[in-house]
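# Overview (structure and organization)
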Amino acid sequence: MNELFESVKNYLDITWDMNTGEIERLSGIIKRGKTFLEGKIGACDFTQETQEKELLLDYCMYARAGQIDEFMENYRQEITSLQMNRWRKKKEGETSAET
């Protein structure tokens, strides 16, 4: 298993040996969370201790509880803030390249 999977497992306080079905379910939640966040924010770094990784961990917690709608409601501002920061950095990069 990879480091991200272990991080999510630790965050969710899963201390037991997971069976195959549980591993597949959690792996699917992680994949869907990554896809969701990258679709909203753009390229994300989930390998370091970043805001994107923190959002992914929270996404996994909500998804495991069947509360994705609640995740969107509770983290909308953080996602919007990351989108704005990415947009601003992109614009700054374009401006620097033009000069």
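Notes on the structure in this doc start here. (Residues numbered from 1 in each chain as written. Predicted model: local features only at pLDDT ≥ 70, side-chain atom pairs only at ≥ 80, totals over all residues. Heavy atoms only, no water.)

### Considering the side chain of Lys9
Here Lys9 is to be found in helix H1 (residues 3-11). This buried residue, Lys9, is left without a salt bridge; Glu6 holds the nearest opposite charge, at 4.5 Å. Once residues within four sequence positions are removed from consideration, Lys9 is found in contact with Ile14, Trp16, Met18 and Leu26. (Helix = DSSP H or I, 4+ residues; strand = E, 2+ residues; numbered from the N terminus. Buried < 20%, exposed > 50% of the residue type's maximum accessible area, 1.4 Å probe, protein only. Lys, Arg positive; Asp, Glu negative; His and termini not counted. Salt bridge = Lys/Arg side-chain N within 4 Å of Asp/Glu carboxyl O. Contact = heavy atoms within 4.5 Å.)

### Remarks on the packing of helix H2 (residues 20-41) against helix H3 (residues 51-64)
Two elements in contact, H2 and H3, have axes separated by 9 Å at closest approach and are oriented at 130°. In this view, H2 runs oblique relative to H3, as classed from their interaxial angle. The way H2 lies across H3 gives a crossing that is right-handed. On H3, the residues touching Arg25, Ile29, Ile30, Arg32, Gly33, Lys34, Phe36, Leu37 and Ile41 of H2 are Glu52, Leu55, Leu56, Tyr59, Cys60, Ala63 and Arg64. Along the lines of polarity and charge, the residues of the contact of H2 with H3 split into 10 nonpolar, 1 polar and 5 charged. (Axes fitted to C-alpha atoms, helices over the stretch in contact; angles between N-to-C directions. Parallel < 35°, antiparallel > 145°, perpendicular 65-115°, else oblique. Left-handed = near helix turned anticlockwise from the far one by under 90°. Nonpolar A, V, L, I, M, F, W, Y, C, P; charged D, E, K, R; others polar.)

### Details of the packing of aromatic side chains
The relative placement of two aromatic rings is captured by the distance of their centres and the angle of their planes. Evaluated as defined, the whole model comprises 6 aromatic pairs. Seen from their ring centres, Tyr59 and Phe71 are 5.4 Å apart, and the 85° between their planes marks the pair as edge-to-face. Here the residue Tyr59 occupies a position in helix H3, and Phe71 occupies one in helix H4 (residues 68-98), the gap between them amounting to 12 residues. Every member of this aromatic cluster is reached through a ring pair, and the members are Phe36, Tyr59, Tyr62, Phe71 and Tyr75. (Phe/Tyr/Trp six-rings, centres within 6.5 Å; stacked < 30°, edge-to-face > 60°.)

### A closer look at unusual backbone geometry
Phi is positive for Asp13, which is not a glycine, with a value near 60°. Note that Asp13 resides in the loop between H1 and H2.

### Some words on the nonpolar core
Across soluble globular proteins, nonpolar side chains have a tendency to be buried as a group. In terms of nonpolar packing, the biggest core is built from 25 residues, with Val8, Leu26, Ile30, Leu37, Leu55 and Phe71 touching the most fellow members. Among the secondary structure elements, those contributing two or more residues to this core are H1, H2, H3 and H4. With 7 residues, H3 is the largest single contributor of residues to this core. (Core = buried A, V, L, I, M, F, W, Y, C linked by side-chain atoms within 4.5 Å.)

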